[in-house]
Amino acid sequence: MPFENIAKKYFDRTYTEIDFVKKTYEALKQLGFNDDNSIAATCICRDEISQSLRSVIKHMWGEAFNFSSLAGMFFAGKTGLAAAMHHAPIEGGKERYVFYALPHIAIDAEGHIGICRRTGREGASVACGALNAFQKEMASGKVNITMDNEDVEQSLIRMRLLREIPYGHVPDLLELTKITQAAIQADLEITINKVVNIGKSNYAVITGIQINGPDSNYVWPAACYAVVNGVKTELKI
Ligand SMILES: [Zn+2]
């Protein structure tokens, strides 16, 4: 069975990473973005199985600014975003930025959530490991919500995502990944609204969930839109 059909059980539509980035590139080209006048930024997990998406984005857009943290959380904040916002070429008086922000989840050939294989390792592995660890903690009934200075990013994941989870509810890994996608998008948008000057810059927000399939990676698209001269346009992906 093609993987897209297996993934349909959990995600209404999926594209290969290459098709997804191509579709976003083509849609953004209609709105004046291209690889000469724009820079991309990425916010994806540190996991090496997620990096193929950065490679595809580099191939289409050139080297991308990197906002990434564990689980693809947007912890780069105002300082990180402000740094990126001084890097794009200026064409026709405008700068252009394309933000790709996606957490990830593995699905194996049998449709098991969270399960992947890693080259040279026997047995199953888990992705996203950071979200899985947090999910296991919640399921155990005990979550450490202090800032552990020896585990900064994981501490921030717990603190940030607990704001989105009703007290006492334990989401499974799929639900937690969807909650994470919405939190990453919200954090990026809040920061964009504070940092980006829409008089000077056009930008696009491309979100979704990266799916680590048994043969390659796929993407389920969530919000994908551009803001050009202050006007928001949804991308048809
Ligand atoms: Zn991960």
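To be clear, the structure that these remarks concern was listed above.
Keep in mind the model is a prediction, meaning the values are calculated, not measured. (Residues numbered from 1 in each chain as written. Predicted model: local features only at pLDDT ≥ 70, side-chain atom pairs only at ≥ 80, totals over all residues.)

Draft legend 1. Structural context of the overall build of the protein. Check the secondary structure of the protein and you find seven helices and ten strands. Projecting the C-alpha coordinates of the protein onto the three principal axes gives extents of approximately 55 × 45 × 30 Å. Within the protein, the fraction of its 237 residues that count as buried is 40%. In the protein, the share of contacts with a sequence separation of at least 24, taken over all contacts with a separation of at least 6, comes to 69%. (Helix = DSSP H or I, 4+ residues; strand = E, 2+ residues; numbered from the N terminus. Buried ≥ 20, exposed ≤ 12 C-beta atoms within 10 Å, placed from the backbone. Contact = placed C-beta atoms within 7 Å.)

Draft legend 2. Inspection of helix α7 (residues 173-195) at higher detail. In a regular helix each residue adds 1.5 Å, so 23 residues correspond to 33 Å; α7 covers 32 Å between its end C-alpha atoms and thus fits that length. Every buried residue of α7 is listed here: Leu173, Leu176, Thr177, Thr180, Gln181, Ala183, Ile184, Gln185, Leu188 and Thr191. (Expected span 1.5 Å × (residues − 1).)

Draft legend 3. Layout of the nonpolar core. Ranked by internal contacts, the top residues of the largest apolar core, which has 64 residues, are Tyr97, Val98, Phe99, Tyr100 and Ala204. Top element by residues in this core is strand β8 (residues 201-212). It accounts for six residues. Setting aside residues no more than four positions away along its own chain, Tyr97 makes contact with Ser38, Ile39, Ala41, Ala84, Met85, Ala88, Ser201 and Tyr203. (Core = buried A, V, L, I, M, F, W, Y, C linked by C-beta atoms within 7 Å.)

Draft legend 4. Examining helix α2 (residues 17-29) more closely. With 13 residues, α2 ought to run about 18 Å at 1.5 Å a step, and its terminal C-alpha atoms sit 18 Å apart, in line with that. For α2, the elements touching its buried residues are β1 (15-16), α3 (51-61), β4 (95-101), β8 and β9 (217-228).

Draft legend 5. Region of the structure containing the pairing of strand β10 (residues 231-234). Judged from the four bridges that link them, β9 and β10 form a sheet pairing that is antiparallel. Paired with Ala226 across the two strands is Thr233, which belongs to β10. Linking β9 to β10, which pair antiparallel, is a turn of two residues; within it Asn229 sits at a positive phi near 50°. (Pairing = 2+ DSSP bridges.)

Draft legend 6. Summary view of the environment of Ile6. Counting through the fold element by element, Ile6 comes out in helix α1 (residues 3-7). Ile6 gets classed as partly exposed once you count the C-beta atoms within 10 Å, which come to 19. Each C-alpha atom of the pair Ile6 and Glu110 lies 7.6 Å from the other, and the pair is 104 residues apart in sequence. When sequence neighbours within four positions are dropped, the list of residues in contact with Ile6 reads Met1, Ile107 and Gly111.

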